[in-house]
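Topology and contacts: notes
In case you want the letters, here they are:
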Amino acid sequence: MRGRFITFEGPEGSGKSTQARRLMDRLAAGGVNVISAREPGGTRTGEIIRNLLQHDLAKEPICPETEVLLFAASRAQLVRHVIEPALASGSWVVCDRFMDSTTAYQGYGRGFDVERMIEINDFAVGATRPDATILLDLDVAVSLERMNARNVERNQGKDRFEREASGFHERIRNGYLELAGRWPERFRVINSNRPMDEVSAEVWSVVSALGAVAARAPG
Ligand code: TYD
């Protein structure tokens, strides 16, 4: 049987990576074969693209059009080299960001035409769609606070996206919520301004509802 494909979306600091890892662990503990991926990245080509995008690797400004296409290129590679083969073999895939990040960040955030971003996504991913997209929703002020705290903790500066003004992050948050309204059968919105355990419990109830797992996994 084909595996299930679950994506996590949300603004900076919304806890996607933590929740994705916890979900992976819980699925694996229940005997589900599961792999994780992150965007941009997840393949050798994708990791090089990630460095280009986030750390100014090429030492020249990346124009916004290039940015869109690099995200799409990384995703196209990830779908064909990692996600599709895994799903076809019956594994589950948990992905930290996917196509909706481009619509939210480059569309709503940077101001590119949202429908065009959706078309570019469609081209990049072909017929592959998440079975569930978990949107970890967070107030922008809290999101920025968490982002700053994380950078201090890791003794690192802000990346290109984190340096954007708060209006950018506000547009992204609202954009995500619009997407969730547009595809209610795929999206589940979870308030992430709560203790992590509560968020994890809600993530688990969403995933359990996908079936095939509730009987096998603990808890
Ligand atoms: P990452 O370190 O993964 O951030 P986070 O922990 O918040 O996921 O960096 C990914 C950055 O790239 C993040 O700021 C969002 C941005 N991004 C886009 O702008 N468009 C996209 O399509 C994707 C996948 C990510």
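Look above for the structure.
Conventions and cut-offs
- The residue numbers shown here count from 1 along each chain, following its written sequence.
- Per-residue local features are limited, in this predicted model, to residues with pLDDT of at least 70; the limit for side-chain atom pairs, both in listing and counting, is 80 or more; totals at the level of whole chains, interfaces and linings are taken over all residues.
- Side-chain descriptors were evaluated using all non-hydrogen atoms of the structure, hydrogens and water having been removed beforehand.
- Summary of the burial criterion: residues with accessible area below 20% of their type's maximum are buried, those above 50% are exposed, and those between are partly exposed, where the area comes from a 1.4 Å probe applied to protein chains only.
- Secondary structure elements are defined from DSSP: runs of H or I of at least 4 residues count as helices, runs of E of at least 2 residues count as strands, and each element is numbered from the N terminus.
- A pair of strands is treated as paired once DSSP finds two or more bridges between them.
- Stacked, tilted and edge-to-face are the three classes assigned to paired rings of Phe, Tyr and Trp, where Trp is represented by its six-membered ring and a pair needs centres within 6.5 Å; plane angles under 30 degrees give stacked, over 60 edge-to-face, the rest tilted.
- We call a charge positioned above a ring when the Lys NZ or Arg CZ atom is no farther than 6 Å from the ring centre and deviates by at most 35 degrees from the ring normal.
- Two residues form a contact once any of their heavy atoms are found within 4.5 Å.
- What makes a salt bridge here is a side-chain nitrogen of Lys or Arg within 4 Å of a carboxyl oxygen of Asp or Glu, nothing more.
- Buried and open spaces are told apart on a 1 Å grid over the protein atoms alone, a cavity being a set of points where a 1.4 Å probe fits but cannot get out and a pocket being an open set with protein on both sides within 12 Å along at least five of seven lines. Residues with an atom within 4 Å of a point are the lining residues.
- Grid points are joined across faces, edges and corners, and a volume is the space filled by probe spheres set on the points.
- Polar here means any residue other than Ala, Val, Leu, Ile, Met, Phe, Trp, Tyr, Cys and Pro, which are nonpolar, and Asp, Glu, Lys and Arg, which are charged; Gly is therefore polar.
- It suffices for a single heavy atom of a residue to lie within 4 Å of a molecule or strand for the residue to be listed as near it.
- We call two N or O atoms a polar contact when they sit within 3.5 Å, provided that within protein one can donate a hydrogen and the other can accept it, with sequence-adjacent residues counted only if both atoms are side-chain atoms.
- Only the protein chains shown count as cover for residues, and all accessible areas are computed by the Shrake-Rupley method using a 1.4 Å probe.

**Describing the pairing of strand E4 (residues 132-137)**
Taking burial as the measure, the six residues of E4 include six buried ones, the bulk of the element. Neither face of E4 is open: one carries Ala 132, Ile 134 and Leu 136, the other Thr 133, Leu 135 and Asp 137, and all of them are buried. Here four bridges tie strand E1 (residues 5-9) to E4, and the two strands are oriented parallel to one another. Following the sheet pairing, Thr 7 is matched in E4 by Thr 133.

**Points about the packing of aromatic side chains**
Counting across every chain of the model gives two aromatic pairs. Look at Phe 5 and Phe 98: their rings are 5.0 Å apart centre to centre, the planes differ by 80 degrees, and that puts the pair in the edge-to-face class. With a gap of 93 residues between them, Phe 5 in strand E1 and Phe 98 in the loop between strand E3 (92-96) and helix H4 (99-109) connect regions that are remote in the sequence. Residues Phe 5 and Phe 98 agree in their burial class; the two are buried. With 6.1 Å between their ring centres and 70 degrees between their planes, Tyr 105 and Phe 168 make a pair best called edge-to-face. Of this pair, Tyr 105 sits in helix H4 while Phe 168 sits in helix H7 (residues 166-182), placing them 63 residues apart in sequence. Phe 168 carries the same exposure label as Tyr 105, and that label is buried. Sitting over the face of the ring of Phe 98, Arg 75 holds its NZ or CZ atom 5.8 Å from the ring centroid.

**Overview of the environment of Phe 8**
Along the chain, Phe 8 falls in strand E1. In this structure the C-alpha to C-alpha distance between Phe 8 and Val 82, which are 74 residues apart in sequence, comes to 17 Å. Apart from the residues within four sequence positions on either side, Phe 8 is in contact with Lys 16, Gln 19, Ala 20, Leu 23, Val 94, Cys 95, Asp 96, Arg 97, Ile 134, Leu 136 and Val 203.

**Brief notes about the pattern of salt bridges**
Inspection of the entire model under this criterion finds 13 salt bridges. The shortest N-O distance in the salt bridge between Glu 84 and Arg 2 comes to 3.0 Å. Taken together, the residues Glu 84 in helix H3 (residues 64-88) and Arg 2 in the segment before E1 connect sequence positions 82 residues apart. A relative accessible area of 43% places Arg 2 in the partly exposed class. With a closest N to O distance of 3.6 Å, Glu 198 and Arg 194 form a salt bridge. A relative accessible area of 40% means that Glu 198 is categorised as partly exposed.

**Here's the deal with the layout of surface pockets**
If a probe as big as a water molecule is rolled over the atoms, it shows which places are left empty. One number sums up the size of the largest pocket: a volume of about 1100 Å³. Only helix H1 (16-29), helix H2 (44-54), H3, H4, helix H6 (140-154) and helix H8 (196-208) provide two or more residues apiece to the lining of the largest pocket. Sort the elements by how many residues they give to the lining of the largest pocket and H6 lands first, with six residues. A per-class count over the lining of the largest pocket returns seven nonpolar, 16 polar and 16 charged.

**Structural notes on the site of the ligand**
Surveying the vicinity of the ligand reveals 14 residues, the closest of which are Glu 12, Gln 54, Arg 97, Thr 102 and Gln 106. Between an oxygen atom of the ligand and a side-chain N or O atom of Lys 16, the distance comes to 3.5 Å. Take Arg 50: an N or O atom from its side chain is 3.1 Å from an oxygen atom of the ligand. For the ligand, the accessible surface in isolation is 540 Å², of which the surrounding protein chains cover 92%. Secondary-structure elements contributing two or more residues to the shell around the ligand are H2, H3 and H4. Per-element tally for the shell around the ligand: the top contributor is H4, with four residues. In terms of residue class, the shell around the ligand is made up of three nonpolar, four polar and seven charged.

**So, the side chain of Arg 75**
Residue placement: Arg 75 occurs in helix H3. On the accessibility criterion, Arg 75 (1% relative accessible area) is buried. Among residues more than four places away in sequence, those in contact with Arg 75 are Glu 39, Phe 98, Met 99, Thr 102, Asn 121 and Val 125.

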